Amino acid sequence: MIYADNAATTKLDDDAFELMIDILRNNYGNASQPYEFGQRAKEKLIEARKTIAECIGADPEEIYFTSCGTESDNWAIKMGTLGVEQIITSVIEHHAILNACKAMEATGKNVKYLPVNNKGEVNPEDLINMIGEKRSLVSVMFANNEVGTVEPIEKLAETAHKNGSIFHTDAVQAVGHVPINVHELGIDMLSASGHKFNAPKGIGFLYVKKGVGIKPFFDGGSQENGNRAGTENVASIVAMACALKNNCAELAENTGHLKTLEKILIEKLKKSGLDFIRNGSDVHIPGNINLSFADAEGEMILHRMDLKRICISTGSACDSVNTQISHVIKAIGVPNRYAEGTIRISFGKYNSESEAEEIADALIDVLK
């Protein structure tokens, strides 16, 4: 099998796996317990929080462990609106943000939606016009999950801060794949999910800058400094910190490798004479390749590739039961002749150059 859907989930890092096994078998104590066995688990949490903070340029006390990126997004949107008059987000956000915003609209909160250009980029000037004088919660994703476009986060955060607004970014696709320093970029809140950077599923984190008012999302015990109740998933937290540290250490090497894979695939498809569009911006997550083929059906391509034991996706993987054209492809204005033939190939660090060649050959065979 060739796995090329790393934007959906990633293979577990070997070092992270070994750490998980050790904790599950030998250090399974409850971190809230005062005896030595429990405190051993607590020390693991302290180390993991420090590691994750270092990877994104934060302070350890600004990191809160969650179950996933979706929980982190919901926490930021639903509980981070203290003292704000409106929520502003973009039309191409993940449904974890869009549906959380719909839920807030149902409670009477005003929500506005920023447009994007044909590359999926948000224009900071549009935010200036939309925000006006109202203190807002602005949430724009760091990188789009479907087309890979990286947004001008620093400029958007700067714009939001001009009238004291709060800036949140869904960085699920970006953390561990591009350099991020939350303090330098001016980010107030950031969501991340472990399984997108070779950590286990079911674990994530929310960065909240010191001084940003946010209420607890879960009520119960005093875990996470009283802000997120529930016994900590120590094994997964430690594995997440390990996987993130490894990815950040290998960032330049991984980026170069993924760009090589992109080049192999795209050049071979171009030489084949296939009629297609590559969607998204030149500034994108390495390895994320969104293609729209003329007069084709993305669902057909996906299943034919699956028969060849090659895993790719069509539309948005988190909306896989719905075969209609995704909201992102609609928002960037892909022509109808191409839109239905949209697929996403997302390479990861474990993919090889020969696999990129084989994927290209398989696509050419399917579409010709």
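Shown above is the structure to which this text applies.
Residues numbered from 1 in each chain as written. Predicted model: local features only at pLDDT ≥ 70, side-chain atom pairs only at ≥ 80, totals over all residues. Heavy atoms only, no water.

A. Region of interest: the overall build of the protein. Secondary structure assignment for the protein yields 13 helices and 12 strands. Compactness check: the protein gives a C-alpha radius of gyration of 21 Å against a globular reference of 21 Å for 368 residues, within 12% of the reference. Along the longest, intermediate and shortest principal axes, the C-alpha atoms of the protein span 65 × 55 × 35 Å. Put simply, the protein has 37 plus and 50 minus side-chain charges, and the middle of one group is 1 Å from the middle of the other. (Helix = DSSP H or I, 4+ residues; strand = E, 2+ residues; numbered from the N terminus. Rg over C-alpha atoms; globule rule 2.2 N^0.38 Å. Lys, Arg positive; Asp, Glu negative; His and termini not counted. Charge placed at Lys NZ, Arg CZ, Asp CG, Glu CD.)

B. Highlighting the nonpolar core. Ranked by internal contacts, the top residues of the largest apolar core, which has 66 residues, are F142, L190 and F205. It is helix α8 (residues 234–249) that contributes the most residues to this core, 10 residues altogether. Residue contacts for F142: discarding those within four places in its chain leaves T149, V150, E151, I153, T169, D170, A171, A174, V178, I180, L185 and I187. (Core = buried A, V, L, I, M, F, W, Y, C linked by side-chain atoms within 4.5 Å. Buried < 20%, exposed > 50% of the residue type's maximum accessible area, 1.4 Å probe, protein only. Contact = heavy atoms within 4.5 Å.)

C. Layout of the packing of aromatic side chains. The final tally for this structure, using the stated rule, is four aromatic pairs. Centre to centre, the rings of F217 and F218 are 5.5 Å apart; their planes meet at 15 degrees, and the pair counts as stacked. Centroid distance F276 to F293: 5.6 Å. Interplanar angle 45 degrees. Geometry classified as tilted. In this pair, F276 sits in strand β9 (residues 276–279) while F293 sits in strand β10 (residues 288–293), placing the two residues 17 residues apart along the sequence. Of the two residues, F276 and F293, both sit in the buried class. (Phe/Tyr/Trp six-rings, centres within 6.5 Å; stacked < 30°, edge-to-face > 60°.)

D. Main features of unusual backbone geometry. Positioned with a positive phi, N198 is a non-glycine residue whose angle comes to about 75 degrees. Along the chain, N198 turns up in the loop between β7 (189–193) and β8 (204–208). For N198, a relative accessible area of 4% corresponds to the buried category. Positioned with a positive phi, D295 is a non-glycine residue whose angle comes to about 55 degrees.

E. Here's a closer look at helix α9 (residues 251–272). Here α9 contains 22 residues, and its C-alpha end-to-end distance of 32 Å stays within 8% of the 32 Å for a straight helix at 1.5 Å per residue. Along α9, the residues classified as buried are L251, N254, T255, L258, L261, E262, I264, L265, I266, L269 and S272. Tucked into the core, α9 has its buried residues touching α8, β9, β10, β12 (342–346) and α13 (353–367). At the C-terminal side of α9, G273 shows a positive phi close to 85 degrees. (Expected span 1.5 Å × (residues − 1).)

F. Local environment of the pattern of salt bridges. Summed over the entire model, instances satisfying the criterion amount to 15 salt bridges. Between R344 and D5 there is a salt bridge, with its nearest N and O atoms 3.0 Å apart. With R344 in strand β12 and D5 in the loop between β1 (2–3) and α1 (14–26), this residue pair connects regions lying 339 residues apart in the sequence. Each of the two residues, R344 as well as D5, counts as buried. (Salt bridge = Lys/Arg side-chain N within 4 Å of Asp/Glu carboxyl O.)

G. Highlighting the environment of E133. Within the secondary structure layout, E133 lies in the loop between α5 (124–131) and β5 (136–139). Along the sequence, E133 and D15 sit 118 residues apart, while their C-alpha atoms lie 49 Å from each other. Sequence-distant contacts of E133, that is, excluding residues within four places in its chain, are made with E85 and N163.

H. Structural detail: the packing of α1 against α8. Close contact between α1 and α8 brings their axes to 8 Å; oriented N to C, the two are set at 160 degrees. If you check the angle between α1 and α8, you find them roughly antiparallel. For the element pair α1 and α8, the recorded crossing hand is right-handed. Seen from α1, the contacting residues are D15, A16, L19, M20, I23 and L24; seen from α8, they are V234, A235, S236, V238, A239, C242, A243 and N246. For the contact of α1 with α8, the residue count by class is 11 nonpolar, two polar and one charged. (Axes fitted to C-alpha atoms, helices over the stretch in contact; angles between N-to-C directions. Parallel < 35°, antiparallel > 145°, perpendicular 65-115°, else oblique. Left-handed = near helix turned anticlockwise from the far one by under 90°. Nonpolar A, V, L, I, M, F, W, Y, C, P; charged D, E, K, R; others polar.)

I. Structural detail: the pairing of β10. Within β10, six of the six residues are buried, leaving the element largely enclosed by the surrounding structure. Here β10 shows a buried face lined by N288, N290 and S292 and a second buried face lined by I289, L291 and F293. Summarising the sheet, β9 and β10 pair through four bridges and their orientation is antiparallel. The residue bridging I277 from the neighbouring strand is S292, located in β10. Relative to β12, β10 runs antiparallel, the two sharing five bridges. Counted as the bridge partner of S292 is T342 from β12. (Pairing = 2+ DSSP bridges.)

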